[in-house]
Amino acid sequence: MKFTNTNSVFKSLLTLFLMVLLFSQLSCSNQNTESSGDDLSVADHFDPKGKAPSKHTLAIWENWKKTLPFEDKRDYEEAQKGFIAAPDFRQIKNAEGRVIWDIGRYDFLLKEQDYQTIHPSLQRIATLNMGYGLFKVTDGIYQVRGFDLSNMTLIEGKTGWILYDVLTTKETAAAALKFANEQLGERPVTAVIYSHTHADHFGGVRGVINEEDVIAGKVKVIAPAGFMDFAVSENVIAGNAMNRRLFYQYGVLLPVSPYGHVDQALSKNVSSGSLGLIAPTISISKPIEELVVDGVKMIFQNTPNTEAPVEMNTYIPEKKALWMAENVTATIHNIYTLRGALVRDALTWSKKISEALYMFGEEADVMFASHHWPRWGNERVQEVLRAQRDTYGHIHNTVLNLANQGVTVNEVHNVYEVPASLQKQWSARSYHGSVEHNSRAIINRYLGYWDANPLTLIPMPERESAPLFVEMMGGAGPIIEKGKELFEEGKYKPAAELLNKLVFAEPQNQEAKDLLADCYEQIGYQQESTSVRNSFLAGAYELRNGIPGGEMPKSVTPDIIRAMSTETWLDFLGVKLNSKKAEGITFKMNIITPDNNEKFLVELSNSTLSNLKGFTAKNADLTLTLNRSDLNMAMMGVKSFEDLLKEGKAKVEGNPQILAQLVGMLDEFDPRFEILPGTKKEKYQSQSADGGFDAPAYIED
Ligand SMILES: [Zn+2]
């Protein structure tokens, strides 16, 4: 029996899962190219081909400075209010001494200097997100901010700390708790509450509690019902594509610099330590549910299908304190997140904020969240709740109003406008989700991607249509000439329309790619939304230099594998199957995992690998029996199937060659697949020595 290849099936799958879920072992101290002085000049640009903001971009910048409500400085006061102490370090390292968090990279934002490469509103939130240290929210409630993408909130229970969300990685979470204990007096953690399924809210759990204490009942872990189903599954099936797109949305390959990465809307960035997951012991399943946690009465409001598939807000009546999880922060969120995910439900989101407003918001004295800073005073709490409720509600209603009048998914972002009253409120600004991509998302959710023009129902591939356009436009010469003319006039989008055709027709035309990159860069500088800015700047970088190298994630986290259902894993095997290689091959295989009492019928027919939970085939070609706990070991690459067989932990009946055959038919996905033409390099080298492009791989929001 040959099983040598089998283990690699599991390993290769695992790599993909982890790439989208985990941070790599890679440094986040990779970017050392921040601005060198007070006068920002193009010499400081991390990219030798990079350009300064044009006079057109500067004019737009000046206009934003004049028209946005900068006289409203309440966010600055609130972001500082309750400050207790900041640590004497600005980096957090893992056990091996590698830097996994470094807020100091962004210190250029503390120079009180205007950067004209950054939209003034974006620089505002980027500066506000520099809040760092321990803060008091109200009596008995504290937050550690600036240690990761998210906040850790500590609530004084009768016997210890109740933690609301625990950051992304063990290292940052441990550092946050340690710092809080040093300042406030050491207390044990008695409960952890996960607000929702995104990794920056649960991944640090092993830095603050032990699983043994959870099993022994000493520590409660509380989460909304369905938490474990969604914590992992949202990112698996399309994982490689999401991971690649993340390089755009999160700009993970962009150096930290006024010309590059300046913020991630919810906070500075994501830590790159080790991510864990301890399953909840208490599920909140009713729409509204009360619980006394370590002596503190809490009212949970479930908000499924809002910012995450499952999420909950919490109200603490005795403190009149309302925790809005990630449903209401200091930015409008993504209705469509650009890394790729199912489009979210803006109407439900708006209604759940309304429910919070009328259930708790009329008496709350303070509102806080898993990102950004609290809002104090009932009037202010209501103001922010109402602004966000109405922003989600307005975009939903008005975009559909437009759609019902014939405005399409390809036009709506040019037509839809946020009402002036909301534009003037900082809490309704679109730092994370842009107005443009969120408005398109609303139509996409209801009507799909088709604009009802028959041509766009079955469009030609751009690589095939572009040469015809280029030929008709008289070839590369006139296009470059017109492109330059439009660029000089500050007409970056029309210039990009033309140049994009040329780049698709002539992927090796570097002059065209450089000019298109120049357009993308100016468009990027002009964006308020980090997601859109990062995407344009990442595109510019790749057009100029090719897809950056850098190591890919290689960490293996047992917690995530454990949390992944066998069904999700088998579904992904089906996605990896190369249809052509599987032509004409059929088999039936049973997989039985006695320890969790599951069985699966896996069948290959018509180049399709299907799996059916709860069934087995009587005439299977192969039956594989092993405990799920042992399957985990194989999935993590800790043990091979041969080992498991020798140890008697796995049993096979029938033809074991089927496993090897299956391996041979699976595709390996390229984590650096080409997005823009002519950007794929033959060979990648790690660039961490020269300014660094090592990418943490991470998905959230
Ligand atoms: Zn978050």
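This text gives an overview of the structure that appears in the document. (Residues numbered from 1 in each chain as written. Predicted model: local features only at pLDDT ≥ 70, side-chain atom pairs only at ≥ 80, totals over all residues. Heavy atoms only, no water.)

Thoughts on the sheet that holds strand β6 (residues 152–156)
- If you trace the eight strands from one edge of the open sheet to the other, you get β1-β4-β5-β6-β7-β8-β9-β10, paired in mixed fashion. The open sheet has two edge strands, β1 (83–85) and β10 (282–284), and neither has a second partner. Averaged over all neighbouring strand pairs, the angle between strand axes comes to 25 degrees, with direction disregarded.
- Relative to β10, strand β9 (residues 220–224) runs parallel, the two being bridged by three bridges. Across the sheet, the residue bridging to A223 is S283, located in β10. (Pairing = 2+ DSSP bridges. Helix = DSSP H or I, 4+ residues; strand = E, 2+ residues; numbered from the N terminus. Axes fitted to C-alpha atoms, helices over the stretch in contact; angles between N-to-C directions.)

Things to note about empty space enclosed by the protein
- Within this structure, the stated rule accounts for 10 cavities of 30 Å³ or more.
- Here the largest cavity is characterised by a volume of approximately 130 Å³.
- Lining the largest cavity are 15 residues, with N129, G131, R145, N151 and H372 positioned closest to its centre.
- Classifying every residue of the lining of the largest cavity gives five nonpolar, eight polar and two charged. (1 Å grid on protein atoms, 1.4 Å probe; cavity = no way out; pocket = protein on both sides within 12 Å on 5 of 7 lines; lining within 4 Å. Points joined across faces, edges and corners; volume = space filled by probe spheres on them. Nonpolar A, V, L, I, M, F, W, Y, C, P; charged D, E, K, R; others polar.)

A short note on the pairing of strand β7 (residues 161–164)
- Residues of β7 alternate between two faces, with W161 and L163 on one and I162 and Y164 on the opposite face, all of them buried.
- As paired elements, β6 and β7 share four bridges and run antiparallel to each other. Looking across to β7, one finds that L154 is bridged to L163.
- Hairpin geometry of β6 and β7 is characterised by an intervening segment of four residues between the two adjacent antiparallel strands.
- Pairing analysis gives four bridges linking β7 to strand β8 (residues 189–193), with the strands arranged parallel. Across the sheet, L163 pairs through a bridge with V192, a residue of β8.
- For the crossover that starts at β7, traverses helix α5 (residues 170–184) and ends in the parallel β8, the hand is right-handed. (Buried < 20%, exposed > 50% of the residue type's maximum accessible area, 1.4 Å probe, protein only. Right-handed = clockwise from strand over helix to strand, strands pointing away.)

Notes on helix α4 (residues 120–128)
- Counting buried residues in α4 gives eight out of nine residues, a clear majority hidden from the surface.
- Those residues of α4 that sit buried are P120, S121, L122, Q123, R124, I125, A126 and L128.
- Elements in contact with the buried residues of α4: α2 (55–67), α3 (74–80) and α19 (530–545). (Contact = heavy atoms within 4.5 Å.)

Topic: the layout of surface pockets
- Roughly 350 Å³ of internal volume is contained in the second largest pocket.
- E234, N305, P309, L342 and V343 are the residues nearest the centre of the second largest pocket, which is lined by 15 residues in total.
- A breakdown of the residues in the lining of the second largest pocket according to their chemical character gives seven nonpolar, three polar and five charged.

Considerations on a nonpolar patch on the surface
- Side chains of Y449, W450, L457 and I458 sit close together on the surface and give an oily, nonpolar patch of about 500 Å² of accessible area.
- Looking at where L457 falls in the secondary structure, it is placed in helix α14 (residues 454–457).
- For L457, a relative accessible area of 42% translates into the label partly exposed. (Patch = residues over 30% accessible without salt bridge, like charges linked within 9 Å, V, L, I, M, F, W, Y side chains within 5 Å. Areas by Shrake-Rupley, 256 points an atom, 1.4 Å probe, with all protein chains shown as cover. Salt bridge = Lys/Arg side-chain N within 4 Å of Asp/Glu carboxyl O.)

All quantities given are derived from atomic positions and should not be read as evidence of function.
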